Amino acid sequence: MEDLKTEKNVLLYYPARPALRPRKHSLNLVGDEFDGTACFRKGTSDGPDAIRRVAEDIETYSPYLDRDLEELPPFFELGNLPVGDSGDADRDWQIAREAFDSLTDSIDLQKAEVKFLALGGEHSISYLFIEKYLIAYPDLILLHLDAHADLRDGYQGYRYSHASVIRRCMDHFGPGHVLAQYGIRSGTREEFYWMKKHGTLHRDLDEFCGFIKALPEDRPIYLTLDLDYFDPAFVPGTGTPEAGGEDFLSFIKILKLLKTKKLVGADVVELAPAVDPTGNSDVFAAKVVRELILALYGEGTGHVG
Ligand SMILES: [Mn+2]
């Protein structure tokens, strides 16, 4: 497991260290450029590298969490997972899945304390990570921030579609797993009935924050963040924008709580850089990722937000 000294294909999220395989007791960043089932406006395959390109131009210090990326214990960059380009979404998805499986085959995520922060790619990539976390942590809390419910049982012929990712994750839910959703403002009537029936959708920020606050400190939490959670006025560069979304400070309010809890993994998905030629969405996403890296390492007091 040598560090990559001159690896051409690894773009660094400053000041991460390059690595070939996930490091134990550490945070590992990995990109997944899969864009196979996007239906409306494509381009999420450029998401991970667009975030990395602007990351070196933003401050390493967060006044929200009062932590600095440069002060953290080492965290690692694995680059992007190989993705197929056969044009067959099912086959390409399998290639991405096998690539991730081979990285994590022999690792017990819980015992080895391997944390992942995944950069998408479309939302279906989250399944790869969440499935592993559900297996490793029988009491995992899955937090889902998104404009869309993503509870369809497949979409446009794809079982593992970005529109069905949470449904597919729930295939692996055991009695100790809990789903909590916030920001959802688009879906079918059936999806909204289902969320109401199962009490998964939190109606406002205070209620959602109250839920997180009440969690025991040692309860493992995974956060899946679709960037269309934010209003398209702030982040227009997503595949399926929905008016009526959240702002950055709502996210900070949630993160300030999560840094006091046991956040074991996260993903940030659905950035489609070409949709927003101003590049503001890329910078917004990079700042979100900075905050998430800091929250994944816990603690800090904060001065803003
Ligand atoms: Mn969405």
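Described in the following lines is the structure provided in the data block.

Description of the side chain of D35
So, point 1. As for its position among the elements, D35 is in the loop between β2 (26-32) and α1 (47-55).
So, point 2. In this structure the side chain of D35 is engaged in a polar contact, spanning 2.9 Å, whose partner is the backbone nitrogen of G43.
So, point 3. Those residues within four positions of D35 in sequence are excluded, and the remaining contacts are K42, G43, T44, S45 and E122.

A look at the nonpolar core
So, point 1. One finds Y13, L117, F251, I254, L292 and I293 to be the most contacted residues of the largest nonpolar core, which totals 53 residues.
So, point 2. At 10 residues, the largest contribution of residues to this core is made by helix α8 (residues 280-296).
So, point 3. Not counting chain neighbours up to four residues away, the residues in contact with F251 comprise L145, L223, L225, Y229, F230, V288, E291 and L292.
So, point 4. By size, the runner-up hydrophobic cluster in this structure holds 39 residues, among which are A112, F129, F173 and V264.

So, unusual backbone geometry
So, point 1. Each neighbour pair has its own omega, and for G120 with G121 the value is 15°, a cis peptide bond.
So, point 2. Summarising the element assignment, G121 is placed in the loop between β6 (114-120) and α3 (126-136).
So, point 3. Notably, H25 is not glycine yet its phi reads approximately 55°, a positive angle.
So, point 4. Backbone geometry places E113, a non-glycine residue, at a positive phi of 50°.
So, point 5. Counting through the fold element by element, E113 comes out in the loop between α2 (89-104) and β6.

Describing the sheet that holds β6
So, point 1. Taken in spatial order, the eight strands of this open sheet run β1-β5-β2-β6-β10-β9-β7-β8, and their pairing is parallel. Of all strands in the sheet, those with a lone pairing partner are β1 (17-18) and β8 (178-182), marking the two edges.
So, point 2. Two strands pair when backbone bridges link them, and strand β7 (residues 141-145) and β8 are joined in this way by five bridges, in the parallel orientation. Each residue of the ladder has a partner; that of L142, found in β8, is L179.
So, point 3. In the packing of α8 onto the sheet, contacts are made with β2, β6, β9 (220-226) and β10 (262-269), and the angle to β10 comes to roughly 165°.

Describing the packing of helix α6 (residues 205-213) against helix α7 (residues 248-258)
When two helices pack together, their arrangement is captured by the angle between the axes and the distance separating the axes.
So, point 1. Two numbers describe how α6 lies on α7: the axes approach to 9 Å, and their chain directions differ by 10°. One finds that α6 runs roughly parallel with respect to α7. Considering only the axes of α6 and α7, their crossing is right-handed. Where α6 abuts α7, its residues L205, D206, F208, C209, I212 and K213 lie against S250, K253, I254, L257 and L258.
So, point 2. For the contact of α6 with α7, the class distribution of residues is seven nonpolar, one polar and three charged.

Some details on the pairing of β6
Successive residues of a regular strand alternate their side chains across the two faces of the sheet.
So, point 1. Within β6, six of the seven residues are buried, which leaves it mostly tucked inside the rest of the structure.
So, point 2. Pairing of β2 with β6 involves seven bridges; the strand directions are parallel. Counterpart to N28 in the pairing with β6 is F116.

Thoughts on the pattern of salt bridges
So, point 1. Counted according to the given criterion, the structure contains 10 salt bridges.
So, point 2. For the salt bridge of D171 with R168, the shortest nitrogen-to-oxygen distance reads 2.7 Å.
So, point 3. By relative accessible area, D171 is classed as partly exposed at 41%.
So, point 4. For R168, a relative accessible area of 3% gives the class buried.
So, point 5. With its nearest N and O atoms 3.1 Å apart, the salt bridge here joins D206 to K253. One end of the pair, D206, is in helix α6; the other, K253, is in helix α7, with 47 residues separating them in the sequence.
So, point 6. Accessibility expressed as a relative area gives 55% for D206, which makes it exposed.
So, point 7. Taken together, the shared-partner salt bridges in this structure form one network comprising D153, R167, R168 and D171.

The rules behind these values
Residues numbered from 1 in each chain as written. Predicted model: local features only at pLDDT ≥ 70, side-chain atom pairs only at ≥ 80, totals over all residues. Heavy atoms only, no water. Helix = DSSP H or I, 4+ residues; strand = E, 2+ residues; numbered from the N terminus. Polar contact = N/O pair within 3.5 Å; in protein donor to acceptor, adjacent residues only side chain to side chain. Contact = heavy atoms within 4.5 Å. Core = buried A, V, L, I, M, F, W, Y, C linked by side-chain atoms within 4.5 Å. Buried < 20%, exposed > 50% of the residue type's maximum accessible area, 1.4 Å probe, protein only. Pairing = 2+ DSSP bridges. Axes fitted to C-alpha atoms, helices over the stretch in contact; angles between N-to-C directions. Parallel < 35°, antiparallel > 145°, perpendicular 65-115°, else oblique. Left-handed = near helix turned anticlockwise from the far one by under 90°. Nonpolar A, V, L, I, M, F, W, Y, C, P; charged D, E, K, R; others polar. Salt bridge = Lys/Arg side-chain N within 4 Å of Asp/Glu carboxyl O.

This is a description of form; function is not addressed.
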